[in-house]
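Structural characterization, general
This is what each chain is made of:
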Amino acid sequence: MTAPVHQPLNARGKLASSLPAEQLAEITELFAFRRTGYSLDAPFYTDPTIFKIDMEAIFGQHWIFAGSVAELPEPGDYITVDYGPYSLIVLRNDDGGVNVLHNVCRHRGARVLTEATGSTGNLVCGYHSWTYSPEGNLIHASAPGEAKFDKNCFALKRAHGREVAGLIFVCIADEPPTDFDETSKIFEPYLAPHDLSKTKIAYQQNIIEEGNWKLVMENNRECYHCDGHPELACSLFPTWGLTEGLIPAHLEEVWDRNKEAQSSLEERCRRYGLPYEVVEELDTRIAGIRISRESLDGEGESFSADGRRLSKKLLGDLPDFRLGRCSMHLQPNSWFHFLGDHVITFGVFPINEHQSLVRTTWLVADDAEEGVDYDLDKLTYTWKQTNLQDKAFVELCQQGAGSPAYQPGPYMKSEYQVEAFINWYVQRVQEHLA
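Residues numbered from 1 in each chain as written. Predicted model: local features only at pLDDT ≥ 70, side-chain atom pairs only at ≥ 80, totals over all residues. Heavy atoms only, no water.

Labelled according to an unreviewed UniProt entry, the chain appears under the name Rieske 2Fe-2S family protein, originating from Pseudarthrobacter defluvii.

In C-alpha cells, the structure reads:
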C-alpha cells in the first residue's frame, strides 16, 4: 500500500538529486556567481531545468497566494490553482476554513475537477467515478477487484492552506516556512479595515504572458518604466520608487505634488488610526514583504482619470474614500492594491519557462450593484490597460533573453526592489540546492 494518505507532497531535492553531477555543478555555479545589481543570466529565464528547480525550490516550498475569500464565499465553493506541474483544489469547508487537495485522482491520475471555479459536495473524478469527500477521503470506488482494497490508503493528497485578512495561501511542502506567521502579523492590520469577507468579485481577468515568471515579478517591482502606463499615471504618481536626488527634471512638479498628497494622507491615517508606514523586508525574511499606504494623484481616492472613486460603496469599516492605496508585495507571486472603494489582487502562476498566467481580480463591497454603484468598464479600465502594457514589456524582455547577444545589465537606483526580489530568489534556491 501507499504512504500515509494525508501527507503534503514533498518536492525538496527531487530534481537536484537526479541531475548529473556536472549539470548540477553548472547550475549551482550560476546561482553562486550571480552579479549583484545586475539582471540574471539568460538561462534563468529560458532554461527548462532551471524552471523545474524554481518549481521545486520556490513554488514547491513556499506559501503561494491562491485567491481571496470572495472567490469561496460558501461551503463547497472551490477554485483550482495551477502552476508548473501542480494543480490544486482549494475548497471552502463546512467549518469556514479551506481544504487544499492535489487535483490528481488516486486511481490513475486523472484531474478530478476540471473547471477553474465552481461548487461541489463530494468530489467525483470524471474518468472512473472515484468519489472523495471534501476532506479528500476516498468514499467510493466501484468494483475495486481487490479483496483487501483499503479506501483509507487512497485519499487525495493534501497540501497546506490558510487564510489571512481574507487572502488565501497554499503551500505544498511537508513543512511550510514558519516565518509566514510573522509576516501575516505585519500585513493583517493594514488589510483588516477593508474587510474582504464583505466583498464580492466584480471581474476576474486571466492573461497568459509569453515570459518567465521572474520577468513578470521584476516588471512589477519597479516604476522605472511607468512612462509606458499613461492610464495608470493619471492616479499613480510616476515618481514611485524615487527619492530626493533621483527626480528627473520633467517630474519635479509631480514629485512636489506627491509629497504634499502623502503628507495629507498620513495625517488622515493618524486621525483614523490606520497604519501607513513603509515596512520593507523583501529579501531579509523567507516570506518577503513590502507594504505601505501611499497617496494617489488627483482626488486621491481610486485608479481613475481624475483620482475619484470608482464605486460608491466604501469597503469594510473605512471612514473615508480618500485613503490612497494600501500597496503590498509578497514573495514570490503576488501584489495587491487596497483602496477605499475596491481591491485588486494579482497572482502570477508559472506555466513553463517562457509562459506565465497573470490573474487579476477586482473586488467591490458585497452590496455594491453593477450599473448603480459602479460601472464595470470604468472600474477595470486602468488596470486592464496597464496589464496589457506590462504583458508587452515582459514579452520584449523574454525575447531579448533568448538572443545570443543578451547579457545582464545594471539595475538603476529606482529598481532596488527588483534587486531585492532577485536576491530573495537566489537565496531561496541556494538553500534548496545546499
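From this point, the discussion proceeds with the structure in view.
1. Here's the deal with the overall build of the chain
Tallying secondary structure elements over the chain gives nine helices and 17 strands in all. By the compact-globule yardstick of 22 Å for 434 residues, the chain fits well, its C-alpha radius of gyration being 23 Å. Principal-axis analysis of the C-alpha atoms places the extent of the chain at approximately 80 × 55 × 35 Å. The 434 residues of the chain split such that 56% are buried. Counted over contacts in the chain with a minimum sequence separation of 6, partners at least 24 positions apart contribute 68%. As presented, the chain carries roughly 18,500 Å² of accessible surface, and 50% of it is formed by carbon and sulfur atoms. In the chain, 39 side chains carry a positive charge and 63 a negative one; their mean positions are 3 Å apart. (Helix = DSSP H or I, 4+ residues; strand = E, 2+ residues; numbered from the N terminus. Rg over C-alpha atoms; globule rule 2.2 N^0.38 Å. Buried < 20%, exposed > 50% of the residue type's maximum accessible area, 1.4 Å probe, protein only. Contact = heavy atoms within 4.5 Å. Areas by Shrake-Rupley, 256 points an atom, 1.4 Å probe, with all protein chains shown as cover. Lys, Arg positive; Asp, Glu negative; His and termini not counted. Charge placed at Lys NZ, Arg CZ, Asp CG, Glu CD.)

2. Observations concerning the packing of helix H6 (residues 213-220) against helix H9 (residues 416-433)
It is the contact of H6 with H9, at a shortest axis distance of 8 Å, that shows an interaxial angle of 145 degrees. Viewed along their axes, H6 and H9 form a crossing whose handedness is right-handed. Contacts from Trp213, Lys214, Met217 and Glu218 of H6 reach H9 at Val418, Phe421, Ile422 and Tyr425. A per-class count over the contact of H6 with H9 returns six nonpolar, no polar and two charged. (Axes fitted to C-alpha atoms, helices over the stretch in contact; angles between N-to-C directions. Left-handed = near helix turned anticlockwise from the far one by under 90°. Nonpolar A, V, L, I, M, F, W, Y, C, P; charged D, E, K, R; others polar.)

3. What to know about the packing of aromatic side chains
Going through the model one piece at a time under the given rule, you end up with 22 aromatic pairs. Taken together, a centroid distance of 5.0 Å and an interplanar angle of 90 degrees make the contact between Phe59 and Trp213 edge-to-face. Taken together, the residues Phe59 in the loop between helix H4 (48-57) and strand S1 (64-68) and Trp213 in helix H6 connect sequence positions 154 residues apart. The exposure classification of Phe59 matches that of Trp213, with both residues buried. Plain terms: the ring middles of Phe346 and Trp383 are 5.1 Å apart, the flat faces sit at 65 degrees to each other, and that makes the pair edge-to-face. With Phe346 in strand S16 (residues 343-352) and Trp383 in helix H8 (residues 376-401), this pair connects stretches of sequence that are 37 residues apart. There is no split in this pair, since Phe346 and Trp383 are both buried. Aromatic ring contacts, followed pair by pair, group Phe31, Phe44, Phe59, Tyr83, Tyr86, Trp213, Phe421 and Tyr425 into a single cluster. (Phe/Tyr/Trp six-rings, centres within 6.5 Å; stacked < 30°, edge-to-face > 60°.)

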